[in-house]
Amino acid sequence: MANERFQSPRGTYDILPKDAPYWRFTRQVLREEAESSGFQRIEVPMFEEKRLFERATGDTTDVVTKEMFGVVRASKMAETDKEDSSQEFVLRPEFTPGIIRSYLEQGMQALPQPVKLYTDGPVFRYSRPQKGRYRQFQQMDYEIIGDGSAASDVAVILLTWNLFKRLGLADSVIVDINSLGDAKCRPKMRKALLDYLSQNLNKLASFDVARVQKNPFRVLDSQEPKTIAVVKAGPQLVDLLCDDCKREFKQVLELLDELGIPYNLDPYLVRGLDYYTRTTFEIRRKDDETRQNSLGGGGRYDGLVELLGGRPTPAVGAAPGMDRIIEYMQEKEIKIPETKLTDVFVVAIGEHALKVTIPLVEALKAKEILTGVSMARDGLKEQLALATRLGARLVIIVGEREVRDQSAIVKDLDQGSQETIPLGDLKASVVKKLS
Ligand code: AMP
């Protein structure tokens, strides 16, 4: 139908040219900070087997039970298609399980440990859309696999901190941190919590009563005022840690003190994914006590590699959410550095001019001079405005007359000067002016 209109799917949005520089800058900061700290880039598929997330993320979590998008073939399978049609696929709701799957599948356990990987890209969760909560959003993600020391917990928190610092948000955010204990102390913690909550069932919000038996840790995360009051009067996880976990957590906090990273010990922080052990953290806006709009989170997940079929291997990672970070940067009116796109902008007027300028542009690019060229039919004024917007220092103009005279006009936008230079001398002259 001619007047049919289309919209982006609910919970998604378009990143338009006005916002694109923020995304570019944020990704660039991630790349620089991660690679200078020894992380290597990995990219994993946007969809994976459903059972990977059921196993890894946890089949009692909201993410897995309520929020995964299935991936099915839109057309019917051909009779001759031999593919296993019993496999179910979902869009990735997070990165960690796919990265650990790859670590195991690609033999990274045989590499010198730890293996440090980073990535970024879209993830998908079928949640109820609202401001700061989307169905397609983008995460940065980094993991240190194969090192169980407090130093690697701190390395992940430090990278997170450095990202926020470079993005201009260091003064506006704080790290909430807690320890969830390991396989040794977790059963004791679970029992203490279960006993306490069971004795206080009638004081909990009804929504939380059902969670007590299923996973009492999740109750600590409740946003219900009635439950919060009960939780605050109950046992604190840090008091129930075994000696090893206590010592390790103390080391983490001491190292954070030494690095001057501000943190808030939050004994009720549990996070929404099942695989976390020991150090767990979340980064939030200082003005958001509830963590409703947390900017990033992470922690240790020492059992996950084994759970997915590998040798027991400690690991720690984090995933800041780019959409919320960028919204926060814009709200705080943080200016991002302008990226220089062009040193030299070449304007060719007419077909003959184009033939002359194309080899010139290639020659300048070969000298690693950022060179833009315009073949549009806009007037000279518009071309010069574009050159200025792209940050060009020199503009080279070749029109019919210049082709005839075998010359070019060179405008120096910084100095406001202009001269005519023979084509033969042009490359050397540009190089000289820029050096
Ligand atoms: P999680 O993987 O749940 O630990 O989330 C890590 C980060 O991803 C959060 O701190 C948010 O910044 C971001 N995030 C999680 N869910 C959403 C969502 N639905 N929309 C936008 N950002 C999200």
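Just so it is clear, the structure is predicted and the values come from calculations on it, not from any experiment. (Residues numbered from 1 in each chain as written. Predicted model: local features only at pLDDT ≥ 70, side-chain atom pairs only at ≥ 80, totals over all residues. Heavy atoms only, no water.)

(A) Local environment of the domain arrangement of the protein. When the domains of the protein are assigned, the result is domain 1 (20-185 + 241-331) and domain 2 (344-429). Between the C-alpha centres of domain 1 and domain 2 the distance comes to 48 Å. (Domains from an automatic or database assignment.)

(B) Representation of the sheet that holds strand β7 (residues 173-179) within the structure. On the basis of which strands lie adjacent, the open sheet formed by 8 strands has the order β1-β5-β6-β11-β10-β9-β7-β8 and mixed pairing. Where the open sheet ends on each side, the last strands, each with one partner, are β1 (40-41) and β8 (263-265). As defined by bridge partners, β7 adjoins β8 across 3 bridges and the pair is classed as parallel. Paired with V175 across the bridge in β8 is Y263. Sheet strands touched by helix α1 (residues 20-36): β1, β5 (115-124) and β6 (136-145). Its angle to β5, the strand with the most contacts, is close to 160°. Relative to the sheet, helix α12 (residues 322-331) contacts β5, β6, β7, β9 (277-285) and β11 (315-320), its axis offset from that of β6 by approximately 110°. (Pairing = 2+ DSSP bridges. Helix = DSSP H or I, 4+ residues; strand = E, 2+ residues; numbered from the N terminus. Contact = heavy atoms within 4.5 Å. Axes fitted to C-alpha atoms, helices over the stretch in contact; angles between N-to-C directions.)

(C) Representation of helix α16 (residues 423-434). Between its terminal C-alpha atoms α16 stretches 17 Å, which fits the 16 Å expected from 12 residues at 1.5 Å a residue. For α16, the full list of buried residues reads L423, L426, S429 and V430. Relative to the axis of α16, the buried residues are bounded by an arc of 105° and lie together on one face. Of the exposed residues in α16, the ones pointing more than 90 degrees away from its buried face are G424, A428 and K432. In the core, the buried residues of α16 are packed alongside β12 (344-348), α13 (351-366), β14 (394-398), β15 (407-412) and β16 (417-422). (Expected span 1.5 Å × (residues − 1). Buried < 20%, exposed > 50% of the residue type's maximum accessible area, 1.4 Å probe, protein only. Arc of directions from axis to C-beta.)

(D) Representation of the sheet that holds β16 within the structure. Strand order in this open sheet of 5 strands is β13-β12-β14-β15-β16, and the pairing throughout is mixed. Each edge of the open sheet carries a strand with a single partner, namely β13 (371-374) and β16. On average, each strand axis in the sheet is tilted by 20° relative to the strand beside it, whichever way the strands run. As paired strands, β15 and β16 are joined by 6 bridges and run antiparallel to one another.

(E) Just the nonpolar core, in detail. Y142, I145 and M329 are the most contacted members of the largest nonpolar core, which has 84 residues in total. Here the element with the most residues in this core is helix α5 (residues 150-166); it accounts for 8 residues. Excluding residues within four positions of it along the chain, M329 makes contact with Y22, F25, T26, L167, L169, I334 and I336. By size, the runner-up hydrophobic cluster in this structure holds 18 residues, among which are V344, V361, I396 and A408. (Core = buried A, V, L, I, M, F, W, Y, C linked by side-chain atoms within 4.5 Å.)

(F) Here's a closer look at the pairing of strand β10 (residues 296-300). In terms of burial, β10 is largely enclosed, as 5 of its 5 residues are buried. Across 5 bridges, the pairing between β9 and β10 is antiparallel. Residue pairing for β10: F281 is matched across the bridge by G298. Bridge count between β10 and β11: 5 bridges; the pairing is antiparallel. Within β11, the position partnered with G296 by the bridge is P320.

(G) Structural detail: a nonpolar patch on the surface. A cluster of nonpolar residues, I358, V373 and M375, forms a patch on the protein surface that exposes about 250 Å² of accessible area. Relative to the helices and strands, V373 is located in strand β13. (Patch = residues over 30% accessible without salt bridge, like charges linked within 9 Å, V, L, I, M, F, W, Y side chains within 5 Å. Areas by Shrake-Rupley, 256 points an atom, 1.4 Å probe, with all protein chains shown as cover. Salt bridge = Lys/Arg side-chain N within 4 Å of Asp/Glu carboxyl O.)

(H) Quick peek at the pairing of β7. For β7, a buried count of 7 out of 7 residues is recorded, marking the element as mostly surrounded by other parts of the structure. Here β7 shows two buried faces, one formed by V173, V175, I177 and S179 and the other by I174, D176 and N178. In the sheet, β7 pairs with β9 via 7 bridges, with the strands oriented antiparallel. Across the sheet, I174 pairs through a bridge with R284, a residue of β9.

(I) Up close: the pattern of salt bridges. In the structure shown here, the tally under the stated rule is 29 salt bridges. Two residues, E33 and R166, come together in a salt bridge whose shortest N-O distance is 2.9 Å. Taken as a pair, E33 in helix α1 and R166 in helix α5 lie far apart in primary sequence, 133 residues in all. As a salt-bridge pair, K184 and D244 come within 3.0 Å of each other at their nearest N and O atoms. Residue K184 is found in the loop between β7 and α6 (186-199), and its partner D244 is found in helix α10 (residues 243-259); the two are separated by 60 residues along the sequence. Here the salt bridges share partners, and the residues they tie into one network are D153, E248, R278, R300 and D302.

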